[in-house]
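Chain residues, written in single-letter form:
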Amino acid sequence: MPRFIGLYRELKENEHAVIEDGVLAPTVFVKEVEFKKFLGKQRKELPVSCLMTNVYLTNKRLMFLVLHEVEAVVLRKKGVPTLMGVEGSWYEIPITAITNVEAVQKEIRKDKEFRALMSNLSEKESIPLVEVSYESRKAAGSFKEYIESIFDPTGIQKIFDIKNVVGVKDKIQIIGEQTVSVVPKLKSLSMSK
């Protein structure tokens, strides 16, 4: 008997929902870029998309149902294209692709780029979020195609004016206190993979 989560996502065989309510949360897709400097290397987190999503967790996947793009003026100023028709698309990360999960209190008082992503955060000094590091090549969904088509190392160098990129890692930051409840469940699933 097929089972579904969200509007219409069918679960696979031997898959069951761990969180099926679909936590509504602002979700920031981040590229952590490592690049060469004159002396050594430097890392920088670059927000590439800010979306309002419903977050679902099964015993096999962490899934995001994209509801709409959050107004992200800072990204448009850098030339990141506005998303068209992204509503209702999915982004899925297999549990086996997750390399790290942690709940953090992100200091945004001095992080102008992050505060500019969402104007309603401008009054806050810090925000709770869940940060998920993962291997993006194992992810799936139509939203993955958008990210891959624009934010490969060449696209990152062009949009963010960063030279000598030597490595790129992917993270998702899920904002809000209600999302922290995902951490212990996701950690236990990823540890048993």
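First, a word on what this report is: a plain description of the structure on this page.

Cut-offs applied
Residues numbered from 1 in each chain as written. Predicted model: local features only at pLDDT ≥ 70, side-chain atom pairs only at ≥ 80, totals over all residues. Heavy atoms only, no water. Buried < 20%, exposed > 50% of the residue type's maximum accessible area, 1.4 Å probe, protein only. Helix = DSSP H or I, 4+ residues; strand = E, 2+ residues; numbered from the N terminus. Pairing = 2+ DSSP bridges. 1 Å grid on protein atoms, 1.4 Å probe; cavity = no way out; pocket = protein on both sides within 12 Å on 5 of 7 lines; lining within 4 Å. Points joined across faces, edges and corners; volume = space filled by probe spheres on them. Nonpolar A, V, L, I, M, F, W, Y, C, P; charged D, E, K, R; others polar. Contact = heavy atoms within 4.5 Å. Core = buried A, V, L, I, M, F, W, Y, C linked by side-chain atoms within 4.5 Å. Arc of directions from axis to C-beta. Phe/Tyr/Trp six-rings, centres within 6.5 Å; stacked < 30°, edge-to-face > 60°.

Overview of the pairing of strand 5 (residues 61–69)
Step number 1: Taken across its nine residues, strand 5 has seven buried, putting it largely inside the fold.
Step number 2: Relative to strand 5, strand 4 (residues 41–58) runs antiparallel, the two sharing seven bridges. Bridging across to strand 5, Leu57 finds its partner in Leu62.
Step number 3: Adjacent in sequence and paired antiparallel, strand 4 and strand 5 are bridged by two residues.
Step number 4: As paired elements, strand 5 and strand 6 (residues 90–94) share five bridges and run antiparallel to each other. Residue pairing for strand 6: Leu62 is matched across the bridge by Ile93.

Side note on unusual backbone geometry
Step number 1: Residues other than glycine seldom take positive phi values, yet Asn14 does so here, at roughly 65 degrees.
Step number 2: Turning to its location among the elements, Asn14 is positioned in the loop between strand 2 (9–10) and strand 3 (17–36).
Step number 3: Residue class for Asn14 comes out exposed when judged on its relative accessible area of 62%.

A look at empty space enclosed by the protein
Step number 1: Evaluation of the coordinates by the stated rule reveals one cavity of 30 Å³ or more.
Step number 2: By volume, the largest cavity amounts to about 30 Å³.
Step number 3: Of all the secondary-structure elements, those providing two or more residues to the lining of the largest cavity are strand 3 and strand 9 (165–175).
Step number 4: A total of three residues in the lining of the largest cavity trace back to one element, the largest contributor, which is strand 3.
Step number 5: Counted by class, the lining of the largest cavity contains six nonpolar, no polar and three charged residues.

Section: the environment of Arg3
Step number 1: Within the element layout of this structure, Arg3 appears in the segment before strand 1 (4–5).
Step number 2: Here Arg3 falls in the partly exposed class, since its relative accessible area comes to 42%.
Step number 3: Here the alpha-carbon distance between Arg3 and His16, two residues 13 residues apart in the chain, equals 8.3 Å.
Step number 4: Those residues in contact with Arg3, other than ones at most four positions away along the chain, are Arg9, Glu10, Leu11, Glu15, His16 and Ala17.

So, the nonpolar core
Here is a general trend for soluble globular proteins: nonpolar side chains tend to be buried in one another's company.
Step number 1: Core analysis: the biggest nonpolar cluster contains 41 residues, and Phe29, Tyr91, Phe151 and Leu186 have the highest contact counts within it.
Step number 2: Within the second largest apolar cluster, nine residues are counted, among which are Val28, Met52, Ile108 and Ile175.

A few points about helix 5 (residues 182–191)
Step number 1: Listed as buried for helix 5 are Val182, Val183, Leu186, Leu189 and Ser190. Down the axis of helix 5, the buried set is contained in an arc of 135 degrees. They therefore lie on one face. Looking at helix 5, the residues exposed on the side facing more than 90 degrees away from the buried face are Pro184 and Met191.

A look at the packing of aromatic side chains
Step number 1: Enumeration according to the criterion identifies four aromatic pairs in this entry.
Step number 2: Considering the side-chain rings of Phe29 and Phe64, the 6.3 Å spacing of their centres and the 65 degrees angle between planes classify their relative orientation as edge-to-face. Pair noted here: Phe29 is in strand 3 and Phe64 is in strand 5, with a separation of 35 residues, a long-range link. The pair formed by Phe29 and Phe64 is uniform in burial state, with each residue classed as buried.

Describing helix 3 (residues 142–150)
Step number 1: Restricting attention to buried positions, one finds in helix 3 the residues Phe143, Lys144, Tyr146, Ile147 and Ile150. The arc that holds the buried residues of helix 3, viewed along the axis, is 160 degrees, so those residues lie on one side. For helix 3, exposure combined with an orientation more than 90 degrees from the buried face picks out Glu145 and Ser149.

Remarks on the environment of Lys44
Step number 1: Structurally, Lys44 is set in strand 4.
Step number 2: Remark: the alpha-carbon pair of Lys44 and Val30, spanning 14 residues in sequence, is separated by 9.9 Å.
Step number 3: In contact with Lys44, not counting residues within four places along its chain, are Lys31, Glu32, Val33, Phe35 and Ile162.

In short, geometric facts, not functional conclusions.
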